[in-house]
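Each chain, letter by letter, is given below.
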Amino acid sequence: MRCAPPSQPQIKNIQYSLKIQFNDISVRSLHMNEHALWCRSHARFAASQCSTYCRIRSSNACKSLSWLAEIIVREACRPQLTKCLSVVSLWLMNRRWLLCCDATGTLIRVRESVGAQYARFIQAQDSSVKLNEQITTSLFMEEFSKAAKQHPCFGAREGISSQAWWQPVFVNTVCRSAQKSFPEAVLHAAFKDAYAALGTARCWELIPDTHRTIELLRAWRLSHGPTAVLSNFDERLPGLLAELGLADLFDVILTSRELGEEKPSAAAFKAVQTHPRIQVPPENCIHVGDNVKKDVQGALGAGWHAIGVGTNVEDPRVINIPSMSHLASATLHLMGK
């Protein structure tokens with residue numbers, strides 16, 4: 001005897017919610033009454049509800065939806081729904097792809113060299129100071145590298161704040177470049193302004209090709225799976241990306257400061273793929289970055305695919321592209337499409 005489909009109040013009284021995103025389907029919610037699951041008629045009704053909550057974008061998506069519906073119809077008559085959903089979830093997960101991007105040098109860059117910006121902040125407090133831009137930038141790289149070795153991840157492991165981590169980098173850079181010391185009040189005021197500004201769009205801009213990448217990222221989330229940023233940066237990155245109009249394009253933005261791990265560590269990459277919003281196996285993860293050691297070799301070491309921007313890595317597992325404008329074709333090649 002056929003049973004009447006569950007009423008809308010019963011559907012709203014959610015007993016099971018299956019939330020899936022894969023390829024060209026985004027199943028927002030599939031609601032099924034607990035007792036109705038054991039009835040084939042109700043199972044067919046539940047399967048038909050998929051169409052209400054799906055956005056169908058290709059014939060392949062329709063085939064996938066039909067397959068999912070048949071699974072529900074066949075298994076719903078048995079008190080083994082949990083097993084059924086586990087199988088479906090695994091099948092869908094293996095068809096999700098993660099596109100993960102580096103930030104600095106890949107998506108964004110400083111508007112001026114660090115040397116020029118440091119010089120401007122110290123000169124705002126002492127107009128008599130004259131710093132050479134190239135020398136200051138070079139000294140900054142030395143101070144930054146030294147601090148990164150002494151206190152990795154911007155001091156996260158030792159409980160040092162990011163601001164306290166950056167202060168000696170700034171102070172030592174400007175003092176060495178000017179070849180003189182400054183009153184403490186001058187250095188404190190200059191660093192305070194520099195730290196505040198360098199975490200905003202006042203000092204950063206999108207790399208030109210990023211505008212084309214934005215469209216790819218939007219399409220990716222609808223077609224293939226989640227997107228993420230993994231960067232050796234401090235906690236100011238999410239706010240910075242938001243100011244530049246990029247934050248909403250990513251499901252996850254993770255920094256070395258937050259993780260306590262930095263690229264090229266495999267632990268940093270694993271933290272992304274196992275994040276609750278990601279959940280993608282390593283063989284379906286793609287990382288894009290401009291640094292050979294941190295981005296390309298780091299991704300390969302974690303079992304990911306790698307796309308190097310402006311790199312020349314002679315490795316069959318790596319795709320080298322001259323700029324981000326070539327990212328779409330590179331990702332399709334890695335996915336075998």
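Refer to the preceding data block for the structure.
This text gives an overview of the structure that appears in the document. (Residues numbered from 1 in each chain as written. Predicted model: local features only at pLDDT ≥ 70, side-chain atom pairs only at ≥ 80, totals over all residues. Heavy atoms only, no water.)

1. Side note on the overall build of the protein
Link 1 in the chain: Within the protein one finds 14 helices and twelve strands.
Link 2 in the chain: The buried share of the protein, reckoned over its 337 residues, is 51%.
Link 3 in the chain: Within the protein, residue pairs in contact and separated by at least 24 positions form 65% of the contacts whose partners lie at least 6 positions apart.
Link 4 in the chain: Of the roughly 16500 Å² that the protein leaves accessible, carbon and sulfur atoms contribute 52%. (Helix = DSSP H or I, 4+ residues; strand = E, 2+ residues; numbered from the N terminus. Buried < 20%, exposed > 50% of the residue type's maximum accessible area, 1.4 Å probe, protein only. Contact = heavy atoms within 4.5 Å. Areas by Shrake-Rupley, 256 points an atom, 1.4 Å probe, with all protein chains shown as cover.)

2. What to know about the packing of aromatic side chains
Link 1 in the chain: All told, the structure shown has 14 aromatic pairs when counted by the stated rule.
Link 2 in the chain: Arranged with centres 5.6 Å apart and planes meeting at 40°, the rings of Phe 144 and Trp 166 form a pair that is tilted. Placement of the pair is Phe 144 in helix α6 (residues 133-150) and Trp 166 in helix α7 (residues 162-178), with a sequence separation of 22 residues.
Link 3 in the chain: Taking relative accessible area as the criterion, Phe 144 reaches 22% and is therefore assigned partly exposed.
Link 4 in the chain: Geometry around Phe 121 places Arg 120 over its ring, the cationic atom sitting 5.3 Å from the centre. (Phe/Tyr/Trp six-rings, centres within 6.5 Å; stacked < 30°, edge-to-face > 60°. Lys NZ or Arg CZ within 6 Å of the ring centre and 35° of its normal.)

3. Describing the pattern of salt bridges
Link 1 in the chain: Applying the stated rule across the entire model yields 14 salt bridges.
Link 2 in the chain: One salt bridge connects Arg 111 with Glu 205, and the closest N-O pair in it is separated by 3.6 Å. With a gap of 94 residues between them, Arg 111 in the loop between β6 (108-110) and α5 (114-123) and Glu 205 in strand β7 (residues 204-206) connect regions that are remote in the sequence.
Link 3 in the chain: Asp 315 is the salt-bridge partner of Arg 317, the closest N and O atoms lying 3.0 Å from each other.
Link 4 in the chain: Sharing partners across several salt bridges, the network here consists of Glu 142, Glu 143, Lys 146 and Arg 176. (Salt bridge = Lys/Arg side-chain N within 4 Å of Asp/Glu carboxyl O.)

4. So, the sheet that holds strand β12 (residues 318-321)
Link 1 in the chain: On the basis of which strands lie adjacent, the open sheet formed by six strands has the order β9-β8-β5-β10-β11-β12 and parallel pairing. Bordering the open sheet on either side are β9 (252-255) and β12, each of which pairs with just one other strand. Strand after strand, the sheet turns through a mean of 20° between neighbouring axes, direction not considered.
Link 2 in the chain: Against the sheet, helix α14 (residues 327-334) contacts β5 (98-101), β10 (285-289), β11 (305-309) and β12, and its axis sits at roughly 160° relative to β11. (Pairing = 2+ DSSP bridges. Axes fitted to C-alpha atoms, helices over the stretch in contact; angles between N-to-C directions.)

5. A word on the layout of surface pockets
Link 1 in the chain: Here the largest pocket is characterised by a volume of approximately 1100 Å³.
Link 2 in the chain: If you trace the largest pocket, you find 41 residues lining it, with Thr 104, Phe 140, Phe 144, Asn 232 and Lys 294 closest to the centre.
Link 3 in the chain: Elements with a minimum of two residues in the lining of the largest pocket: β6, α5, α6, α7, α8 (184-197) and α13 (292-301).
Link 4 in the chain: Of the residues forming the lining of the largest pocket, the biggest block, six residues, is contributed by α6.
Link 5 in the chain: When the residues that make up the lining of the largest pocket are grouped by side-chain class, the tally is 20 nonpolar, eleven polar and ten charged. (1 Å grid on protein atoms, 1.4 Å probe; cavity = no way out; pocket = protein on both sides within 12 Å on 5 of 7 lines; lining within 4 Å. Points joined across faces, edges and corners; volume = space filled by probe spheres on them. Nonpolar A, V, L, I, M, F, W, Y, C, P; charged D, E, K, R; others polar.)

6. Overview of the environment of Glu 262
Link 1 in the chain: Mapping Glu 262 onto the fold places it in the loop between α11 (256-259) and α12 (266-273).
Link 2 in the chain: With 110 residues separating them along the chain, Glu 262 and Pro 152 place their C-alpha atoms 8.0 Å apart.
Link 3 in the chain: Aside from chain neighbours lying at most four places away, what touches Glu 262 is Pro 152, Cys 153, Asn 232, Ser 256 and Ala 268.
Link 4 in the chain: Among the polar contacts listed, one links the side chain of Glu 262 to the backbone nitrogen of Cys 153, at a separation of 3.4 Å. (Polar contact = N/O pair within 3.5 Å; in protein donor to acceptor, adjacent residues only side chain to side chain.)

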